[in-house]
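Here is how the chains run, residue by residue.
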Amino acid sequence: MKRAIAIADRAALVSLKLLVALNALFFLSFLIVLLLAMGRAHAEAPACAGADLLSALQKEDPATYARIETEAAATLNGKGLLWKLEKSGEKPSFLFGTMHMTDPRVTTLPPAARKAYDAAGTIIIETTDVLDKQKMMEAMLKEPELMMFTDNTTLSSLLSPEDAAVVNKGLDARGIPPASVSKMKPWLLSAMVALPVCEVARQAGGAPVLDVKLAQDAKANGKPVEGLETAASQLRAMASLPLAFHIKGLVETLKLGDKINDINETMIVLYQRGDTGTFWPLLRSISPDEEDAGYAEFDRTMITGRNKVMADHAAPILAKGNAFMAVGAMHLPGPEGLVEDFRKAGYTVTAVD
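Rules used throughout
- Residues numbered from 1 in each chain as written.
- Predicted model: local features only at pLDDT ≥ 70, side-chain atom pairs only at ≥ 80, totals over all residues.
- Heavy atoms only, no water.
- Core = buried A, V, L, I, M, F, W, Y, C linked by side-chain atoms within 4.5 Å.
- Buried < 20%, exposed > 50% of the residue type's maximum accessible area, 1.4 Å probe, protein only.
- Contact = heavy atoms within 4.5 Å.
- Disulfide = S-S within 2.5 Å.
- Helix = DSSP H or I, 4+ residues; strand = E, 2+ residues; numbered from the N terminus.
- Axes fitted to C-alpha atoms, helices over the stretch in contact; angles between N-to-C directions.
- Parallel < 35°, antiparallel > 145°, perpendicular 65-115°, else oblique.
- Nonpolar A, V, L, I, M, F, W, Y, C, P; charged D, E, K, R; others polar.
- Pairing = 2+ DSSP bridges.
- Expected span 1.5 Å × (residues − 1).
- Salt bridge = Lys/Arg side-chain N within 4 Å of Asp/Glu carboxyl O.

A. Just the nonpolar core, in detail. Ranked by internal contacts, the top residues of the largest apolar core, which has 69 residues, are Phe96, Ile123, Leu171, Leu189, Tyr271 and Phe324. Setting aside its immediate chain neighbours within four residues, Phe324 contacts Leu82, Phe94, Phe96, Ala113, Ala116, Tyr117, Ala120, Thr122, Ile123, Ile124 and Leu214. If you look at the next biggest cluster of nonpolar residues, it comprises 19 residues, including Ile124, Leu318, Leu332 and Val339.

Below, the structure written as structure tokens:
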């Protein structure tokens, strides 16, 4: 069948959305490592593998692929990872879109971004809490209900028998005893299973995601590193989304098994091309209409709402000039993206090739 579902079934499409969602939260890399340190997942580091679903779609269903390309091309500020911010009286700064992964293709900065980063006087990331594990732990312990069920609820009590069987089988395959995570909120558990085993293993082995690498290198070179949010605020945002949204994402992701490698590869390929405007058209083009409301709420809570907070908190730092601001690439495009937010704040914002 010449449709995307012939390449990636419904579960893969839902999980692609979930992976996009989880990539909106920088601090999740810390939580994954923390959970692994507690012995709840495999310690092996298998080689990464995966196929680009979008490339396959181009061959299998050129009409759908063309629609995605058309919508992506129409996405405001949907092409480019590095943007120059200029305002009279200030030294230019730069805005860079990151991907919260450890893959060398992601953590190796493009030449223009490397030049801007090296020359910057201040580095800005989403949250600096992840750089201080003690501080991060303290923040999580203050609000345990954001991560765990603190009443009589268990994960299995929220699942149908069929879904419970899927979840238990999927967790067993990942080396995670279902009983050990019975009180864990589904979105946190999803953070452990929505990434390929190879990526999780790299993080557990100490490899930093791109944002952390940028911050660590800056500190090593004596540059100040500023944060725009707290880990707690990111936790609250994710936990505020409907429980049904998280349950569905967890179940569908665990149905995927090794197909999660293809989803990860698709995300990386799009990121390498700087096609930030392609993420959502790809999802919308092959998603059932009834799911739109849940993901629209996700977009408002996790993307556009946080964009405003980031722009506001970045303003006094950028006013000092010569800053390099690195945040998740999904925060950049669209009429409510950071590129437009900074234009509205009086900056001339131009894409840097």
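That shown, we press on.
B. Expanded view of the state of the cysteines. Inspection of every chain in the model, using the stated rule, returns 1 disulfide. Between the sulfur atoms of Cys48 and its disulfide mate Cys198 the distance is 2.0 Å. When the S-S torsion is 110°, as for the bridge of Cys48 with Cys198, the disulfide is right-handed. Taken together, the positions of Cys48 in the loop between α2 (28-37) and α3 (53-60) and Cys198 in helix α10 (residues 197-204) put the pair 150 residues apart, joining distant regions of the chain. Classification of Cys198 by relative accessible area gives buried; the value is 4%.

C. A look at the packing of α3 against helix α4 (residues 62-73). Where α3 meets α4, the axes come as close as 6 Å, and the angle between the chain directions of the two elements is 125°. Relative to α4, the element α3 is oriented oblique. In this structure, α3 uses Leu54, Leu57, Gln58, Lys59 and Glu60 to contact α4, whose residues at the interface are Pro62, Thr64, Tyr65 and Ile68. The residue makeup of the contact of α3 with α4, split by class, is 5 nonpolar, 2 polar and 2 charged.

D. Region of interest: the pairing of strand β5 (residues 323-328). Where burial is concerned, most of β5 is hidden: 6 out of the 6 residues are buried. In this structure, strand β2 (residues 93-98) lies alongside β5, joined through 5 bridges in parallel fashion. Its bridge partner being in β5, Phe94 is matched across the sheet by Phe324. Summarising the sheet, strand β3 (residues 122-125) and β5 pair through 3 bridges and their orientation is parallel.

E. Structural detail: helix α13 (residues 243-256). Taking 1.5 Å of rise per residue, the 14 residues of α13 would be expected to cover 20 Å, and the 21 Å separating its terminal C-alpha atoms lies within 8% of that figure. Burial within α13 is extensive, with 10 of its 14 residues counted as buried. Within α13, burial applies to Phe245, His246, Ile247, Gly249, Leu250, Val251, Glu252, Thr253, Leu254 and Leu256. Positive backbone phi, approximately 65°, marks Gly257, located one or two places after α13.

F. The arrangement of the pattern of salt bridges in detail. Under the definition given, this model contains 15 salt bridges. Salt-bridge contacts for Arg306 lead to Glu229; the nearest nitrogen and oxygen are separated by 2.8 Å. Of this pair, Arg306 sits in helix α16 (residues 292-318) while Glu229 sits in the loop between β4 (225-227) and α12 (231-239); the two residues are 77 residues apart in sequence, bridging distant segments of the chain. The residues Arg306 and Glu229 share a single accessibility class, namely buried. Salt-bridge contacts for Lys255 lead to Glu252; the nearest nitrogen and oxygen are separated by 3.5 Å. Of this pair, Lys255 and Glu252 both sit in helix α13, separated by 3 residues, roughly a single helical turn. Residues joined by salt bridges that share partners form a network here, namely Lys79, Arg273 and Asp275.

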